[in-house]
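Listed below are the residues making up each chain.
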Amino acid sequence: MAGGTDVFPARAHRIAWGNPSEADWLDITAIPELRGITLSGNSWRIGAATSWAALRDADLPAGFDALREAARQVGGRQVQARGTIGGNLCNASPAADGVPPLLVLDAEVELASTRGRRRLKLGEFILGNRRTARAADELLVALHVPAARAEARSVFLKLGARSHLVISIAMVAADAEGRVAVGACSEVARLWDGTPLAPMDDVRGSAAYRHAAAAELVARAQARLAA
Amino acid sequence: MTALLVNGVPRELALDGGTRLADALRDSLGLTGTKLGCDAGDCGACTVLVDGAQACACLTPLGQCAGAEVETIEGIAATPEGQALMARFHAHGAAQCGICTPGMIVAATELLRRNPTPSEAEVEEALGGVLCRCTGYRRIIDAVRGVEAQAETGTVGARLPRVDGAPKLDGTERYGADLAPADALWLRAIRSPHAHARFTIGDVASFLAAHPGITRVLTAADVPGRNGYGIYPHIKDQPVFAEHTALYRGDAVAAVIGTRAALEALRLEALPITWEKLEALDDPRAALNAPALHAQFPDNVLAEGFVRSGDVETALREAAHVVQGDWQTSFVEHAYIEPEAGYARRIGDRIEVWSSTQAPAMDREEVAGVLGLPMEAVRIIPSACGGGFGGKLDAGIQPMLAVAAWVLDHPVRAIWPRSESMAASTKRHPARITARAGCDAEGRLLALDFEGIYDTGAYASWGPTVAGRVPVHATGPYRVPNVRARARAVHTHQPPSGAFRGFGVPQAAIAQEALWDRLADACGLDRLEFRIRNALVAGDVTATGQKLDHSAGQRLCLEALRPAWAELRAKAAARNARGGVLRHGVGVAGMWYGIGNTGMSNPSDMRLVLGTDGRITFFNGAVDIGQGSSTVLAQIAAEALGLPVAALRHVNGDTATTPDAGKTSASRQTFVSGRAAMEAALDLRQKILRGSNGVLGWDGALTLDGAPFRPSAPIEGLGRFDPPTVPLDANGQGIPYATYGFAAQLCALAVDVKLGTIQLQRIVAAHDVGRAINPTLVEGQIHGGIAQGIGLALMEEYLPGRTENLHDYLIPSFGDVPPIETILIEEREPLGPYGAKGVGEPALVATAPAIFSAIRDATGATIHRIPALPHRVLEALKETGRW
Ligand SMILES: Cc1cc2nc3c(=O)[nH]c(=O)nc-3n(C[C@H](O)[C@H](O)[C@H](O)COP(=O)(O)OP(=O)(O)OC[C@H]3O[C@@H](n4cnc5c(N)ncnc54)[C@H](O)[C@@H]3O)c2cc1C
Ligand code: FES
Ligand code: FES
């Protein structure tokens, strides 16, 4: 457990429908290595337990604008203060707002266990709806972003059915170098290469709608960057 | 052991680090000002500050607070900054039911500490994590920003801050979950996960043996009296615990009693219940020709309402213009932020139930019925009600708590988790409406043919009320000489549909107003002028044959919109001329609403007692669910007595001491109970003065002609009012209501034609309320009703098993309610107290149709499937061929 903003709601739901989980929790938020945003050499390091609020309020180069905008729109300030970027990635919801900006930033995740450390491209880490490449004994300790990527201006556009506290129907991150990622329009958010998405039909929107909306958001993001 | 600072006081808590901060605060420290509305981060009611930052106490593990400073409403309320903020909330009427208020004040405190002069947008962003279902947010924004409020003292007509306001602000108000005997056991209902299933309950004894914390499993066999409750005396169809067959997902089949920990650890599969899934009906049209859910209603038609006047077919044949359409709406969840909660305890051969409710007197009947007890043996003590909107009119938690406490002879409490509350409780009826209407070449309405099928779900609840009310209101507040209107409430295996602000009328208004827009266009008339031409005025006769003698202010409401209509339409046209993906439009809709029950007696009794100490106690059985009846009735009583409101002490709702004021529904408390309160006060005044023309006064106790007045025995003033109505005949002819509220609203918005999203820009609402006893509270109702109308129109869709939480079921948040301008029209109602009618439900009815009218104005797209989620709007836009 990091910020608990995914695990507590899931727990409440399971209890309500008579399916409580007996798993123990390990609170990882007091591990110093999991915190902080630092630049070392040619790479930015973001501790996995960095909160959305810390990202939102951090002074970072323009490449992080999309991520910071995502942070500003995740839940309300309550969720931003406690929810973490690592939790967002490990929870691996198709609508996780952190993923498209980090895909555009070409982020890598660093995993650690008693067996050692390894790094994966974010795209290789998230495998599906609520599925990641994290082994049961691994912790996500940090994200690494190439410093060069962090220089290109970026934007984030989120589409939901109300103003605040809303899960995305679709969202897009893009940077001035032409990299674009789309979320909530396929099982896993992905870099946009023009090939068709495979959006889901759900209570928030139909597949056909997501297709149209994603294309429109991409166009708007690019127009904004061009402006 | 976790050491932390709570409101400046060092505390050490010997609790597991994974304990939720909310539980530590509420249960271990008794700080119940932190409210729980969802247990999932979605409502923000539990907002506290942890090291100065907002946090949901329901999502924060205690272990993460080690060494931290936690501030709750109790702490903030004790600071000067907190008190200043609370005073502003009070003056603005920014707390209605109050369940969200502690969270709002805590969130606002965080904002104001870092930014003492926030903009509107900054308030919305900072408080965006807290939901309010009552106020529509605008007043909260004003209070946080320190916009000057017009609080006044005085009686009728004064903007008096609510008399019960203080405890709602500082966290001391007690809601259903905030009080219970220390030794109470917990109850947990076991509910069907299937929409339709047969079940058998097996070996309970070995289940109990294997679950030490669980004391008892209750089933239908344990219900001592009648295993059924329901609104109508002849349809007590909803069982406390179903017998053999569950009729919807959420139907209670049993209850388990035990310690809280044992209940939370309970796995449903451990229960000795075997399910056999059966085919479930989810389409009311199909249900008309399907096997019956209840033998009493073989064609699944629970109730039918019908109104006929004139000759519709001939009139439509002769009409210059005829239009038609069909509409489908969704289940709407009340989403009161306070889920059902309470406790029951047995005292010898009597039972006492404390719970959140809108209808204590009805709860009393139901509890007596299921226990097989005389009414005198039942006492209902309403807790503060954290929102109702119709959803807490039905008994739900009370019968099962009462059965448990009775059978175990031990106090038993329960709090329904959010998803259980949503699955189990009643909903707004989804409606399928087909309608045709015609007018002459000059735009005079000639005929309306209306057919509504309302999905009433598994049990009757208020279905008959909805079926009866809809056809009466189908024309809206307009003269339509030829009418055929039918509404049927049809059973399906869906959640029971019941009472929800407007009893089916908001759905019908969507159809009626859409037809008027098309007819206006067909005649080449302005949409507002078309409505003005057809508006009911005093002297007109309605489709039920009722002549409206007084207080029919529909035309005045519409006319009051003219300036804003012209201004906003010009603005929209100018913006549209500039092009772009945003298309601007303005819509308008009217509505009327009969106050009180339909063609049925619905009396209210009120009582005031002057004690020997010279103080006056107001025994008021009307439950204030946030709408402000306690304040309004006090203003009326004080006016009639000729004394200040401060002269009254209040006893509310307790069925042991207050007379029956009827339920808080049908917008009736101001009109019906208000008149009863006026009569009671006049009675008391007369008895005190005994024919003399002395002058009553107040100096902390009663004075007569300036001298203290202390009667030797208490003096009682009694008042009763039952609005005069005439039951409807087979053709729906009669006098269904003694009076009607009228309104017209307009809405300016922009449609993003590429994304199908809607940006509301402004709403102007003109309401004929007879007399605004308290303008601030009237406006509060209008704001809150509009917010719910916005939800109905644009985002709310309850799907059993899928949108069963406040994460997936969206209600309007900060930023979804645009600036609202209210215009109060006061066409005095002679029957009402000082001319007043009601406004609780009227506030909501016109909003959704005004929004759809504006979407059509902006883009030509007509919305038939509601809510207008972005994907539906985009589809409708495509159909126009223009976008
Ligand atoms: C009201 C509300 C609104 C929300 N709105 C949004 C939104 O708009 N957009 C959005 O994307 N999300 C949203 N969320 C979801 C959630 O807040 C985010 O996904 C958040 O970032 C999760 O982080 P956390 O630290 O709270 O995760 P936790 O709940 O602590 O953990 C989530 C999962 O990740 C695992 N985990 C966490 N950290 C690590 C780690 N370092 N190593 C290994 N495993 C780990 C946990 O075991 C758990 O399975 C919302 C949640 C709520 C309650
Ligand atoms: S109870 Fe914590 S957010 Fe609703
Ligand atoms: S006052 Fe906000 S929820 Fe009732």
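Residues numbered from 1 in each chain as written. Chains lettered and ligands numbered in written order. Predicted model: local features only at pLDDT ≥ 70, side-chain atom pairs only at ≥ 80, totals over all residues. Heavy atoms only, no water.

Chemist: Please clarify how the overall build of chain B should be interpreted in this entry.
Modeler: Scanning chain B for helices and strands turns up 25 helices and 33 strands. Here the C-alpha atoms of chain B give a radius of gyration of 27 Å, agreeing with the 29 Å that 2.2 N^0.38 yields for 883 residues. C-alpha extents for chain B along the principal axes are approximately 80 × 75 × 60 Å. Classification of the 883 residues of chain B by burial places 66% in the buried group. Taking the intrachain contacts of chain B between residues at least 6 apart in sequence as the baseline, contacts between residues at least 24 apart amount to 79%. (Helix = DSSP H or I, 4+ residues; strand = E, 2+ residues; numbered from the N terminus. Rg over C-alpha atoms; globule rule 2.2 N^0.38 Å. Buried < 20%, exposed > 50% of the residue type's maximum accessible area, 1.4 Å probe, protein only. Contact = heavy atoms within 4.5 Å.)

Chemist: Where do I start with empty space enclosed by the protein in this structure?
Modeler: Leftover empty space is mapped by rolling, across the atoms, a probe with the size of a water molecule. Residue and element names in this part refer to chain B. Inspection of every chain in the model, using the stated rule, returns ten cavities of 30 Å³ or more. By volume, the largest cavity amounts to about 510 Å³. Put simply, the parts of the chain that give the lining of the largest cavity at least two residues each are α20 (629-641), α21 (669-689) and α22 (775-794). Tallying contributions element by element places α22 first for the lining of the largest cavity, with three residues. (1 Å grid on protein atoms, 1.4 Å probe; cavity = no way out; pocket = protein on both sides within 12 Å on 5 of 7 lines; lining within 4 Å. Points joined across faces, edges and corners; volume = space filled by probe spheres on them.)

Chemist: Looking at this model, I keep getting lost on the packing of aromatic side chains. Mind explaining?
Modeler: To describe a pair of aromatic rings, you give the distance between the ring centres and the angle between the ring planes. One pass over the structure, following the stated rule, counts 13 aromatic pairs over all chains. Note on B:Phe331 and B:Tyr798: the rings are 6.5 Å apart at their centroids and 85° apart in plane angle, and the pair reads as edge-to-face. Here B:Tyr798 lies in the loop between α22 and β33 (820-825) and B:Phe331 lies in the loop between β13 (321-328) and β14 (332-333), a separation of 467 residues in the sequence. Here B:Phe331 and B:Tyr798 have matching classes, each one buried. Consider the rings of B:Tyr478 and B:Trp516, whose centres lie 5.7 Å apart with planes at 90°: the pair is edge-to-face. Here B:Tyr478 is found in the loop between α15 (463-473) and β22 (482-491), whereas its partner B:Trp516 is found in helix α16 (residues 505-523), with 38 residues between them in sequence. Like B:Trp516, B:Tyr478 is buried. Pairwise contacts between aromatic rings join B:Trp592, B:Tyr737, B:Tyr740 and B:Phe742 into one cluster. The positively charged end of B:Arg249 is found above the aromatic ring belonging to A:Trp17, 4.1 Å away from the centroid. (Phe/Tyr/Trp six-rings, centres within 6.5 Å; stacked < 30°, edge-to-face > 60°. Lys NZ or Arg CZ within 6 Å of the ring centre and 35° of its normal.)

Chemist: Help me understand the side chain of B:Thr19, please; the structure alone is not making it clear to me.
Modeler: Relative to the helices and strands, B:Thr19 resides in the loop between β2 (9-13) and α1 (21-28). The residues touching B:Thr19, leaving out its near neighbours within four places in the chain, are B:Ala24, B:Thr60, B:Pro61 and B:Leu62.

Chemist: How do you make sense of the site of ligand 1 when you look at a structure like this?
Modeler: The environment of ligand 1 is made up of 35 residues, and the closest members are A:Ala2, A:Gly3, A:Thr5, A:Thr84 and A:Asp97. Chains contributing residues near ligand 1 are chains A and B. A:Thr5 places a side-chain nitrogen or oxygen 2.5 Å from an oxygen atom of ligand 1. The side chain of A:Asp97 places a nitrogen or oxygen atom 2.7 Å from a nitrogen atom of ligand 1. (Near = heavy atom within 4 Å. Polar contact = N/O pair within 3.5 Å; in protein donor to acceptor, adjacent residues only side chain to side chain.)

Chemist: Even after reading the chapter, I still don't get the interface of chain B and chain A, so can you show me in this structure?
Modeler: Many analyses report the size of an interface as the accessible area lost when the parts associate. Each partner contributes residues to the interface: chain B has 63 residues there, and chain A has 45 residues. Our count for the chain B to chain A interface comes out at four salt bridges. Between A:Arg220 and B:Asp752 there is a salt bridge; the shortest N-O distance is 2.7 Å. Where chain B meets chain A, there are 22 residue pairs in polar contact (both at pLDDT 80 or more). (Salt bridge = Lys/Arg side-chain N within 4 Å of Asp/Glu carboxyl O.)

Chemist: I'm lost on the packing of helix α3 (residues 80-92) of chain B against helix α6 (residues 138-145) of chain B in this one. Help?
Modeler: The packing of two helices is summarised by the inter-axis angle and the distance between the axes. Residue and element names in this part refer to chain B. In the contact formed by α3 and α6, the axes pass within 8 Å of each other and the chain directions differ by 140°. Between α3 and α6, the crossing angle belongs to the class labelled oblique. In the crossing of α3 with α6, the sense of the turn from one axis to the other is right-handed. Of α6, the residues touching α3 (which contributes Leu-85, Arg-88, Phe-89 and His-92) are Arg-139, Ile-140, Asp-142, Ala-143 and Val-144. Of the residues in the contact of α3 with α6, the class split is five nonpolar, one polar and three charged. (Axes fitted to C-alpha atoms, helices over the stretch in contact; angles between N-to-C directions. Parallel < 35°, antiparallel > 145°, perpendicular 65-115°, else oblique. Left-handed = near helix turned anticlockwise from the far one by under 90°. Nonpolar A, V, L, I, M, F, W, Y, C, P; charged D, E, K, R; others polar.)

Chemist: Explain the sheet that holds strand β31 (residues 740-752) of chain B here, please?
Modeler: Through backbone hydrogen bonds, the strands of a sheet pair up, either in parallel or in antiparallel fashion. Residue and element names in this part refer to chain B. The mixed open sheet is built from four strands, whose spatial order is β23-β31-β32-β33. Every interior strand has two partners, whereas the edge strands, β23 (582-594) and β33, have only one. For this sheet, the mean inter-axis angle between neighbouring strands, taken without regard to orientation, is 15°. (Pairing = 2+ DSSP bridges.)

Chemist: Where do I start with the pattern of salt bridges in this structure?
Modeler: Any two side chains of opposite charge can pair, on the condition that their charged atoms come close. Under the defined criterion, the tally for this structure stands at 79 salt bridges over all chains. The salt bridge partner of B:Glu304 is B:Arg486, with a shortest N-O separation of 3.8 Å. With B:Glu304 in strand β12 (residues 301-309) and B:Arg486 in strand β22, this residue pair connects regions lying 182 residues apart in the sequence. On the accessibility criterion, B:Glu304 (45% relative accessible area) is partly exposed. Salt bridges here are not isolated pairs; linked through shared partners, they connect A:Glu33, A:Arg45, A:Glu110 and A:Arg117.

Chemist: Would you explain the nonpolar core in this entry?
Modeler: A general feature of soluble globular proteins is that nonpolar side chains tend to end up buried together. Formed by 179 residues in total, the largest nonpolar core has its most connected members in B:Phe89, B:Met104, B:Leu127 and B:Trp516. With eleven residues, α16(B) is the largest single contributor of residues to this core. When sequence neighbours within four positions are dropped, the list of residues in contact with B:Leu127 reads B:Met104, B:Ala107, B:Ala108, B:Leu111, B:Ile140, B:Val144 and B:Phe814. Of all hydrophobic cores here, the second largest spans 66 residues; its members include A:Ile46, A:Ala48, B:Leu25 and B:Val70. (Core = buried A, V, L, I, M, F, W, Y, C linked by side-chain atoms within 4.5 Å.)

Chemist: Just to check I follow, could you spell out the packing of α16(B) against helix α24 (residues 847-859) of chain B for this structure?
Modeler: All names here are of chain B. Between α16 and α24, the least distance of the axes is 8 Å, while the angle of their chain directions is 35°. Along this stretch, α16 crosses α24, giving a crossing that reads as right-handed. Contacts from Ala-509, Ile-510, Glu-513, Asp-517, Arg-518 and Asp-521 in α16 reach Ala-848, Pro-849, Phe-852, Ser-853 and Arg-856 in α24. In the contact of α16 with α24, the residues fall into five nonpolar, one polar and five charged.

Chemist: It is not clear to me how the pairing of strand β4 (residues 116-121) of chain A should be interpreted in this structure. Could you clarify?
Modeler: Side-chain positions along a regular strand alternate between the two faces of the sheet. All names here are of chain A. Pairing of strand β3 (residues 108-113) with β4, which is carried by six bridges, proceeds in the antiparallel orientation. Within β4, the position partnered with Glu-110 by the bridge is Arg-119. Hairpin connection of β3 to β4: two residues between the antiparallel strands.

Chemist: When you look at the environment of B:Lys236 in this model, what are you seeing that I'm missing?
Modeler: Residue and element names in this part refer to chain B. By secondary structure assignment, the location of Lys-236 is in the loop between β8 (214-218) and β9 (245-246). Apart from the residues lying within four places of it in its own chain, the contact partners of Lys-236 are Arg-226, Gly-228, Tyr-229, Gly-230, Ile-231 and Glu-366. Only 2.5 Å separates the side chain of Lys-236 from the backbone oxygen of Gly-230, close enough to count as a polar contact. A distance of 3.3 Å separates the side chain of Lys-236 from the side chain of Glu-366, its partner in a polar contact.

Chemist: How should the environment of B:Ile273 be read in this particular structure?
Modeler: Residue and element names in this part refer to chain B. Tracing the backbone through its elements, the reader meets Ile-273 in strand β11 (residues 273-277). It is 6.1 Å that separates the C-alpha atoms of Ile-273 and Gly-202, two residues lying 71 residues apart in sequence. If near-sequence neighbours (up to four positions away) are discounted, Ile-273 is found in contact with Ile-190, Phe-199, Thr-200, Ile-201 and Val-253.

Chemist: Explanation requested: the side chain of B:Asn620 in the structure shown.
Modeler: All names here are of chain B. Residue position: Asn-620 is located in strand β25 (residues 616-620). A polar contact of 2.8 Å, which involves the side chain of Asn-620, links it to the backbone nitrogen of Ala-622. Apart from the residues lying within four places of it in its own chain, the contact partners of Asn-620 are Met-606, Ser-630, Leu-633, Val-651, Asn-652, Gly-653 and Thr-658.

Chemist: Sorry if this is basic, but what is going on with the domain arrangement of chain B here?
Modeler: Residue and element names in this part refer to chain B. One can read the domain layout of chain B as domain 1 (1-172), domain 2 (185-279 + 340-415), domain 3 (427-597 + 731-880) and domain 4 (604-721). Summarising the inter-unit geometry, the C-alpha centres of domain 2 and domain 4 are found 37 Å apart. Taken together, the contact between domain 2 and domain 4 spans 17 residues of the former and twelve residues of the latter. Between domain 2 and domain 4 lies a buried interface of about 1000 Å² when both sides are counted; carbon and sulfur atoms form 62% of it. Counting the surface domain 2 buries against domain 4, the share from its top three residues, Gln-358, Pro-360 and Arg-379, is 36%. At the junction of domain 2 and domain 4, the tally comes to one salt bridge. In this structure, Asp-654 engages Arg-379 in a salt bridge whose closest nitrogen and oxygen atoms are separated by 2.4 Å. Linking domain 2 with domain 4 are three residue pairs in polar contact (both at pLDDT 80 or more), by the criterion used here. Mapped onto the side of domain 2 that touches domain 4, the elements with two or more residues apiece are α12 (360-371) and β17 (378-382). Element by element, the count of residues in the side of domain 2 that touches domain 4 is highest for β17, at five residues. (Domains from an automatic or database assignment. Buried area = accessible area lost by both parts, 1.4 Å probe.)

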